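As a plain string of letters, each chain reads:
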Amino acid sequence: MDKVTYKLDKFEGPLDLLLHLIDRSEVDIYNIPIKEITDQYMSYLDTMQELEMELTSEFLLMAATLLSIKSKMLLPKPPIIEMDDYDDYLLDEDYDPRSELVEKLIEYRKYKAIADHLRDKELERKLIYTREPEDLTPYIHQVVENPVKGLGVTDLVYAFQRAMQRMSSRNMVTKIRKDEISVKDRMKDVVKWLKEADGKILFSKLTDGDLSRESIVTTFLALLELMKMKVIVCYQHRFFEDIVIQAREEGTADGFSTDEISY
């Protein structure tokens, strides 16, 4: 039958046990009542033996150390030793047999506090859940390269001069033809369009298509002359709507004369 081994999670070693006994007794670690702590420590070892729990060598070594310190604390201080080569050589009266043990306990307490702190950080980190990395390339800001980067005013002047030289070397002949559009003819056209549209037409219909600026101006002047002659009337149903051009009922579009129009 295999031997059952118990591990005490509360005490990982003799120093851990001593710190527990000191904290429970609420004593100063720099002034340990060695007799009381030693008795409690030995009582704990006896309990472990009664439960048939295995004692490691570290616990036994600490027990021997505590008994040694306890015996030194109980022994009287040695007398003054006089030596021929030295004047009244005295032993160190301030020497404390517990000092070495206190230093170990203080150092162990520091490391234990650090270990507890790291354990808490580990528990906090376990509560943080991360996700797999994603491709963030589409979110990278694309810097548009400046097409004229590195060019100065001098470069632009040279480019302009070269363009002008190329233009001067071309032999270009352009024939300009001017379309003669008279207001008189446009008035006749408007009257004709009104007849074809049953006496009513929209202004946008007269100016749509690929009309030039001169044609649009001539059409507008023709409408003004027709309104002046009371041949047509213009109105809107609402603001900013298309203008309606309508032949007047009493005005005879057939008998109006354009003789007075000279342009």
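Basis of the calculations
- Residues numbered from 1 in each chain as written.
- Predicted model: local features only at pLDDT ≥ 70, side-chain atom pairs only at ≥ 80, totals over all residues.
- Heavy atoms only, no water.
- Helix = DSSP H or I, 4+ residues; strand = E, 2+ residues; numbered from the N terminus.
- Buried < 20%, exposed > 50% of the residue type's maximum accessible area, 1.4 Å probe, protein only.
- Polar contact = N/O pair within 3.5 Å; in protein donor to acceptor, adjacent residues only side chain to side chain.
- Contact = heavy atoms within 4.5 Å.
- Salt bridge = Lys/Arg side-chain N within 4 Å of Asp/Glu carboxyl O.
- pLDDT = per-residue confidence, 0-100.

Participant: Can you lay out the side chain of T38 for me, pointing to particular residues and giving the numbers?
Facilitator: When you line up the elements, T38 lands in helix 2 (residues 34–50). Using a relative accessible area of 1% as the deciding quantity, one classes T38 as buried. A distance of 2.5 Å separates the side chain of T38 from the backbone oxygen of I34, its partner in a polar contact. Not counting the four nearest positions on each side in its chain, T38 is found in contact with L66, L67 and K70.

Participant: Help me get a handle on the pattern of salt bridges, residues and values and all.
Facilitator: Evaluated as defined, the whole model comprises 10 salt bridges. With its nearest N and O atoms 2.9 Å apart, the salt bridge here joins K112 to D16. Here the residue K112 occupies a position in helix 4 (residues 99–126), and D16 occupies one in helix 1 (residues 14–25), the gap between them amounting to 96 residues. The buried category is assigned to D16, whose relative accessible area is 4%. Across the pair R131 and E134 runs a salt bridge, and its minimum N-O distance is 2.4 Å. Among the charged side chains, a network of salt bridges with common partners joins K35, D39 and K70.

Participant: With reference to specific residues and values, describe the confidence of the model for the protein chain.
Facilitator: Taken as a whole, the protein chain shows an average pLDDT of 77; of its residues, 78% reach a score of 70 or greater. Confidence, read as mean pLDDT per element, is least for helix 5 (residues 153–169) in the protein chain (76) and greatest for helix 4 (89). Below a pLDDT of 50 lies the segment residues 1–9, which in the model reaches 6 contacts outside its immediate sequence neighbourhood of four places, other chains included. Across residues 86–91, where pLDDT falls below 50, the model places 6 contacts with residues more than four positions away in sequence or in other chains.

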